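# Topology and contacts: notes
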Amino acid sequence: MKKIIIQLSLAVFAIGITNFFYAQDTKEILNWYNGKKPGMETEKAYKMLKKKQSTTVVVAVIDSGIDIEHEDLKGKIWVNKDEIAKNGIDDDKNGYVDDVYGWNFLGNSDGTNMNEANLEKTRLLRKYTEKYEKIDPETLSKDEKVEYDEFLIIKEDVTAELEMYNSVLAQLDMMPMMIKQIPIMVSAQIGKENYTQKDLDAWKPEDEQMQQLKRAAEAILSGELSMEVVDEQKAQVEQIVNFHLNVNFIDREVIGDNPDDFNDRAYGNPDVEGPDALHGTHVGGIIGSVRKNDLGGDGVAENVQLMSLRAVPNGDEFDKDIALAVRYAVDNGASVINMSFGKSYSPHQKEVYEAFKYADSKGVLLVHAAGNDAADVDVNPNFPSSMYSFQTAALAHFLTIGASTRFAKEELAAVFSNYGQTKVDVFAPGFEIYNTVPQSSYMKLQGTSMAAPMVAGVAAMLKSYFPTMTMAEIKDVMLKSSASYKGKKHMKPGTEDLVDFASLSVTGAVVNVKNAVKMCKAIEKSKASK
C-alpha cells in the first residue's frame, strides 16, 4: 500500500494516520535532500563528476502510475523502441500489447482501470469467512486450524480498525465547528481578536487544556488545520472505511483475471498513468526529474529513464501484479527497480520471492520502502521482505530503506518510519520532500515511499557514471559510504525514547552521494591500475 502521510498534529485531534502538511514556505525545504548533511550531498557529488561522461540507466517504478507528460519529466520517460504505439499488436512479442512506456497491471483490455482496493487482510477475511464462519473448529485439520486461528486474528483486527475509523469520521464531522470556535476561545484568553503568531508565542498557558487550545490555534494560523485539510482527511478515512476494510467491496472484479494464478497473464493495458498517479509521479520525480531547471525539486539521477509499471492501487497491492511487474522490468532492461509499497500480509510470498530471485540472478537492484508504521520490521514484517521465513540465503541485490529527516540532532529518523537492526539497511531523506505530482504540479509528501527512490536515484546515478561496476558493487558502495550516526542518540520512531541510531538499521547511517562517488572513483582507479 502506498501510504501518504496526513497528520493533524494536534492534541485536541490526534489520530494515527498519515498525510500532507500544508502551508510551509517551499524555499525552506526545496532540494534539502540534495544538500549538505543530513541531506545526501548530491550537489557536491556532481561537482566531483564534472569531467566524466554518463550513460543512460533505466529505473523501473512499480507504483500507482506516472504522469508521463509532466513538464519536469520531459526526456525522462522510458520508451520501448520495439513497440509501435496504439496499433493493437504485440510488436516485440513480449506478451504485452502496445507497452510503449511500461505496463498497467491494474486494468483490463477495454481500458477500464482499477483504483480503489481492499487491504490484503480484508481479502483474506472475505476468503476465510466463506470457509470458516459456520464450521466447528474441532473438526479442522492441523493445517486448517492454523489458517482458522489467522482468520480469528484478522477478523478482530479489521473489526477494531473499522470501529476506530468510524469514530474518526464522527470526530471529523465536529471539526468545522471547532475551527470556528477555537479563535473565539483564544481571543477570550489573550484579550485580542486579530491575534498573530507573535501573540500566541507570548501566551504561556499552564493548564493542559489551554496548551492544547494554543496548539490548535497555531495550526489554524499556519494552515495546517483548515477546512481543506479536514475535507482531505475525511475523504481518505472514507476510502479506508468504504474500500480498504470493506469485505463487501470486491476489488479485482474490473480486471477479470484470477489473482491466485500467476500463469494467467492476459490482463492489464498500456495506460501507465491510470486514474491516480500522484504517488508514482512523486516517486519518479525524486529519482529523475530534470535537474537545475527551476521547476519543483531536482531529481537525484541526471541521466535516467523511468519505466512506469502501474501495480499499486489505493489499497494493498496484489502479490501477482508485483511479481509480474518485477519480471517485466528485468526483461525490458531496468537496472534498478523502485518499490515504494508494502503490506502486513502476503499470501503468495514464494511467488514474489521467485520474481526477486530472478531479478537477483540478472543483477538488477531492488529498492524497497521500509514502511510508515513506526514499527520494528525485524519483529513485525512489512511485505515484500528482504528475508522470508523460507529463505536460506539473502538476496545480493535487495535494499530496504528507512526515512530520515533534515534534522541532524535527535530527530534524524522520521517519526513515522519503520526500522530494524537486521532488515532495514540504511536511511535516506523521506521527510518533507517537494517534487512532481500529476498535471505538471508539485507537492510536498513524506514517507519511506520518498526515501526508497532517493536510494534508487543514487544507484542509477552511480551506475550511469561508473557503468563497469555491477549493481551488487554499487549496493555495497552505497552502504559502506553512507554517513554514519552510530553512537549518537536519536528518537526511536513512534516514541520519545532516545536510542543509538545504530539500533535502527544495519548501517546506522544515511545514504551519502558524495562519499559514494569518492569510493566509486577509488574503485575505478584501483581496477585501472591492475
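Remember, it's a predicted structure, so these values are computed and weren't measured experimentally.

## Describing the overall build of the protein
Looking only at helices and strands, the protein has 13 helices and 13 strands in total. A compact globule built from 530 residues would reach a C-alpha radius of gyration of about 24 Å, and the protein, at 24 Å, matches this within 12%. Overall, the C-alpha framework of the protein stretches about 75 × 65 × 45 Å when taken along its three principal axes. Buried residues in the protein amount to 54% of all 530 residues. Within the protein, contacts between residues at least 6 apart in sequence are counted, and of these 76% link residues at least 24 apart. Positive and negative charge centroids in the protein, built from 59 and 78 side chains respectively, lie 10 Å apart.

## Things to note about the pattern of salt bridges
For the structure on display, the rule yields 25 salt bridges. For Arg123, the salt bridge identified is with Glu120, shortest N-O distance 2.8 Å. Of this pair, Arg123 and Glu120 both sit in helix α3 (residues 120-132), three residues apart, which is roughly one turn of that helix. The partner of Asp173 in a salt bridge is Lys234, and the shortest N-O contact between them spans 2.7 Å. One end of the pair, Asp173, is in helix α4 (residues 142-190); the other, Lys234, is in helix α7 (residues 227-244), and 61 residues separate them in sequence. Taking the relative accessible area as the measure of exposure, Lys234 reaches 27% and is therefore partly exposed. If you follow the salt bridges from partner to partner, you end up with Glu120, Arg123, Asp251, Asp319 and Lys343 in one network.

## Some remarks on the pairing of strand β9 (residues 441-445)
With five bridges joining them, strand β8 (residues 433-437) and β9 adopt antiparallel strand pairing. Each bridged residue has a counterpart across the sheet, and for Tyr434 the counterpart in β9 is Lys444.

## Considering helix α10 (residues 349-361)
In this model α10 runs 18 Å from its N-terminal to its C-terminal C-alpha over 13 residues, within 8% of the 18 Å that 1.5 Å per residue would give. Every buried residue of α10 is listed here: Val352, Tyr353, Ala355, Phe356, Ala359 and Asp360. The buried residues of α10 occupy one face: seen down the axis, they fall within an arc of 155°. In α10, those exposed residues whose orientation departs by more than 90 degrees from the buried face are Lys350 and Ser361. Tucked into the core, α10 has its buried residues touching α9 (319-331), β4 (336-339), β5 (365-369) and β6 (398-404).

## Focus: the nonpolar core
Membership of the largest hydrophobic core comes to 63 residues, with the highest contact counts inside it found for Met461, Leu462 and Met478. It is helix α11 (residues 448-465) that provides the largest number of residues to this core, a total of 12 residues.

## Digging into the confidence of the model for the protein
Considering every residue of the protein, the mean pLDDT works out to 93; 95% of them sit at 70 or more. Scored below 50 in pLDDT, residues 4-24 makes 77 contacts in the model with residues more than four places away or belonging to other chains.

## Overview of the pairing of strand β3 (residues 304-310)
Side-chain direction in a regular strand flips from residue to residue, so the side chains alternate between the two faces of the sheet. For β3, the tally of buried residues reaches six of seven residues, placing the bulk of the element in the interior. Both strand β1 (residues 57-63) and β3 contribute to a ladder of seven bridges, which runs parallel. Its bridge partner lying in β3, Ile62 is registered against Leu309. Sheet topology note: the strand β2 (residues 102-104)/β3 ladder contains three bridges and is parallel. Paired with Gly102 across the bridge in β3 is Ser308.

## Considerations on the side chain of Ser464
Its place among the elements puts Ser464 in helix α11. Contact partners of Ser464, with chain neighbours within four places excluded, come to Gln53, Ser54, Thr55, Val57 and Asn303.

## Some words on the packing of aromatic side chains
Considering all chains together, one arrives at 21 aromatic pairs under this definition. Between the aromatic rings of Tyr46 and Tyr465, the centroid separation amounts to 6.3 Å while the plane-to-plane angle is 75°, which identifies the pairing as edge-to-face. Taken together, the residues span a long stretch of sequence, with Tyr46 in helix α2 (residues 42-47) and Tyr465 in helix α11 at a distance of 419 residues. Accessibility assignment for this pair places Tyr46 and Tyr465 in one class, buried. Among the aromatic side chains, those forming a connected cluster through ring pairs are Trp78, Tyr96, Trp103, Phe105, Tyr267 and Tyr328.

## What about the packing of helix α12 (residues 471-480) against helix α13 (residues 513-528)?
As a packed pair, α12 and α13 sit with axes 9 Å apart at the nearest point and diverge in direction by 130°. As judged from the angle between their axes, α12 and α13 are oblique. Where α12 crosses over α13, the two elements pack in a sense that is right-handed. Taken together, the residues of α13 that come into contact with α12 (itself represented by Glu473, Val477 and Lys480) are Ala516, Met519, Cys520, Ile523 and Lys527. Here the residues of the contact of α12 with α13 sort into five nonpolar, no polar and three charged.

## Let's talk about the environment of Asp276
Within the secondary structure, Asp276 sits in the loop between α7 and α8 (278-288). For the pair Asp276 and Phe356, spaced 80 residues apart in sequence, the C-alpha separation works out to 26 Å. For Asp276, the residues in contact, after removing those within four places along its chain, are Ser64 and Asn115. A distance of 3.5 Å separates the side chain of Asp276 from the backbone nitrogen of Leu278, its partner in a polar contact.

Criteria and cut-off values
- Residues numbered from 1 in each chain as written.
- Predicted model: local features only at pLDDT ≥ 70, side-chain atom pairs only at ≥ 80, totals over all residues.
- Heavy atoms only, no water.
- Helix = DSSP H or I, 4+ residues; strand = E, 2+ residues; numbered from the N terminus.
- Rg over C-alpha atoms; globule rule 2.2 N^0.38 Å.
- Buried < 20%, exposed > 50% of the residue type's maximum accessible area, 1.4 Å probe, protein only.
- Contact = heavy atoms within 4.5 Å.
- Lys, Arg positive; Asp, Glu negative; His and termini not counted.
- Charge placed at Lys NZ, Arg CZ, Asp CG, Glu CD.
- Salt bridge = Lys/Arg side-chain N within 4 Å of Asp/Glu carboxyl O.
- Pairing = 2+ DSSP bridges.
- Expected span 1.5 Å × (residues − 1).
- Arc of directions from axis to C-beta.
- Core = buried A, V, L, I, M, F, W, Y, C linked by side-chain atoms within 4.5 Å.
- pLDDT = per-residue confidence, 0-100.
- Phe/Tyr/Trp six-rings, centres within 6.5 Å; stacked < 30°, edge-to-face > 60°.
- Axes fitted to C-alpha atoms, helices over the stretch in contact; angles between N-to-C directions.
- Parallel < 35°, antiparallel > 145°, perpendicular 65-115°, else oblique.
- Left-handed = near helix turned anticlockwise from the far one by under 90°.
- Nonpolar A, V, L, I, M, F, W, Y, C, P; charged D, E, K, R; others polar.
- Polar contact = N/O pair within 3.5 Å; in protein donor to acceptor, adjacent residues only side chain to side chain.

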